[in-house]
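These are the residues of each chain, in order.
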Amino acid sequence: DSELSRFGVRSRRGTKSYFIKVRIDGRQRWVNLGRHGPITASEARAKARQVLADVDRGQDPTRDRERAKTIPLFGDFAEKWLREHVGIKRKPNTYREYKRIVERNLGPALRKVRIDRVERADALSIHASLSHQPYVGNRVIAVLSAIMTFAEKLGHRPPFSNPCRGNGEAEARHFSHVPRK
């Protein structure tokens with residue numbers, strides 16, 4: 001682009017995309033800003049200015065995208081949780097019951113969802129689908145909550161983001177209070 005250095009447009013397979021080319025930690029990176037059509041050239045140029053300013057301040061716009069590639073799907077993570085947490089810390093009958101809950105109730109609904117994308121609406125939907133079996137529904141939500149807590153501990157979800165618990169903000173305030181003297 002003659003107006004803004006490090007900004008351009010490229011055509012691949014018939015679609016045009018806006019990009020910026022930057023050097024981050026000694027590596028050249030191409031940061032995609034969006035496809036031509038949904039955004040205009042002037043919108044892409046404004047976005048490029050913002051992203052370039054962030055890069056010049058030392059931020060890495062590609063970090064979130066790379067981090068997202070390492071976050072597992074719910075199905076894979078649930079297997080890991082069963083193997084590395086439940087299998088070691090719980091009795092064999094508990095392991096079998098949790099595995100059955102994951103396979104029957106949680107897996108079909110969440111197997112292909114990234115663990116950081118499981119939301120409160122998903123938990124409520126699963127719970128509502130088991131309204132004819134209230135005990136089972138509550139056990140399923142308890143297992144889902146344990147899986148989400150494990151994901152928080154491993155850094156796959158932000159702290160206090162468990163979709164099976166309250167609104168998160170109240171929990172954050174509760175756990176971050178200063179004890180009385």
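Use the structure listed above.
Attention in this report is confined to the structure presented alongside it. (Residues numbered from 1 in each chain as written. Predicted model: local features only at pLDDT ≥ 70, side-chain atom pairs only at ≥ 80, totals over all residues. Heavy atoms only, no water.)

1. Details of the side chain of Thr62
Applied cut-off: The helix count covers DSSP runs of H or I at least four residues long, the strand count covers runs of E at least two residues long, and both are numbered beginning at the N terminus. Each polar contact in these results corresponds to two N or O atoms within 3.5 Å; when the atoms are within protein, one needs to be able to donate a hydrogen and the other to accept it, and residues that are neighboring in sequence are counted only if both atoms are side-chain atoms.
Of note, Thr62 is situated in the loop between α1 (41-56) and α2 (63-70). Side chain to side chain, Thr62 and Arg29 meet in a polar contact 2.9 Å long. A distance of 2.5 Å separates a polar atom in the side chain of Thr62 from a polar atom in the side chain of Asp60.

2. Considering helix α6 (residues 134-153)
Stated precisely, the cut-off is as follows: Take the number of residues in a helix, subtract one, and multiply by 1.5 Å to get its expected span. Buried residues are those whose accessible area, probed at 1.4 Å on protein chains only, stays under 20% of the maximum for their type, while exposed residues exceed 50% and partly exposed ones sit between those limits. Residue contacts follow a heavy-atom distance rule, with two residues in contact if any of their heavy atoms lie within 4.5 Å.
Between its terminal C-alpha atoms α6 stretches 29 Å, which fits the 28 Å expected from 20 residues at 1.5 Å a residue. Looking at α6, one finds that the buried residues are Gly137, Val140, Ile141, Val143, Leu144, Ser145, Ile147, Met148, Thr149, Phe150, Ala151 and Glu152. Buried residues along α6 sit against α3 (74-89), α4 (92-110) and α5 (120-129). Once α6 ends, the next one or two residues include Gly155, with phi positive near 85°.

3. Considerations on the pairing of strand β3 (residues 27-35)
The condition is simple: Between any two strands, pairing holds if DSSP finds at least two bridges.
As defined by bridge partners, strand β2 (residues 15-24) adjoins β3 across eight bridges and the pair is classed as antiparallel. Within β3, the position partnered with Ser17 by the bridge is Arg35. Two successive antiparallel strands, β2 and β3, enclose a turn made up of two residues, where Asp25 displays a positive phi of approximately 50°.

4. Here we look at the packing of α3 against α6
Rules: Lines fitted to the C-alpha atoms define the axes, with helices restricted to the stretch that makes contact. Angles between their N-to-C directions range from 0 to 180 degrees. The labels follow the angle: roughly parallel below 35 degrees, roughly antiparallel above 145, roughly perpendicular from 65 to 115, and oblique for the rest. Each residue is assigned to one class: nonpolar for Ala, Val, Leu, Ile, Met, Phe, Trp, Tyr, Cys and Pro, charged for Asp, Glu, Lys and Arg, and polar for all the others, Gly among them.
Viewed as axis vectors pointing N to C, α3 and α6 meet at an angle of 90°, and their least axial separation amounts to 10 Å. Considering their axes alone, α3 and α6 lie roughly perpendicular with respect to each other. Packed against α3, whose contacting residues are Phe74, Phe77, Ala78, Trp81 and His85, the element α6 presents Val143, Leu144, Ala146, Ile147, Met148, Phe150 and Ala151 at the interface. Among the residues making up the contact of α3 with α6, the classes are represented as eleven nonpolar, one polar and no charged.

5. Focus on the pattern of salt bridges
The line we're drawing: The term salt bridge refers to a side-chain nitrogen of Lys or Arg lying within 4 Å of a carboxyl oxygen of Asp or Glu.
Tallied over the full model, the rule gives eight salt bridges. Glu3 is paired through a salt bridge with Arg45; the nearest N and O atoms lie 3.8 Å apart. Residue Glu3 is located in the segment before β1 (7-12), and its partner Arg45 is located in helix α1; the two are separated by 42 residues in the primary sequence. Residue classification places Glu3 among the exposed positions, given a relative accessible area of 55%. Accessibility expressed as a relative area gives 15% for Arg45, which makes it buried. Among the salt bridges present, the one from Arg29 reaches Glu66, with a minimum N-O distance of 2.5 Å. Taken as a pair, Arg29 in strand β3 and Glu66 in helix α2 lie far apart in primary sequence, 37 residues in all. Judged by its relative accessible area of 33%, Glu66 is partly exposed.

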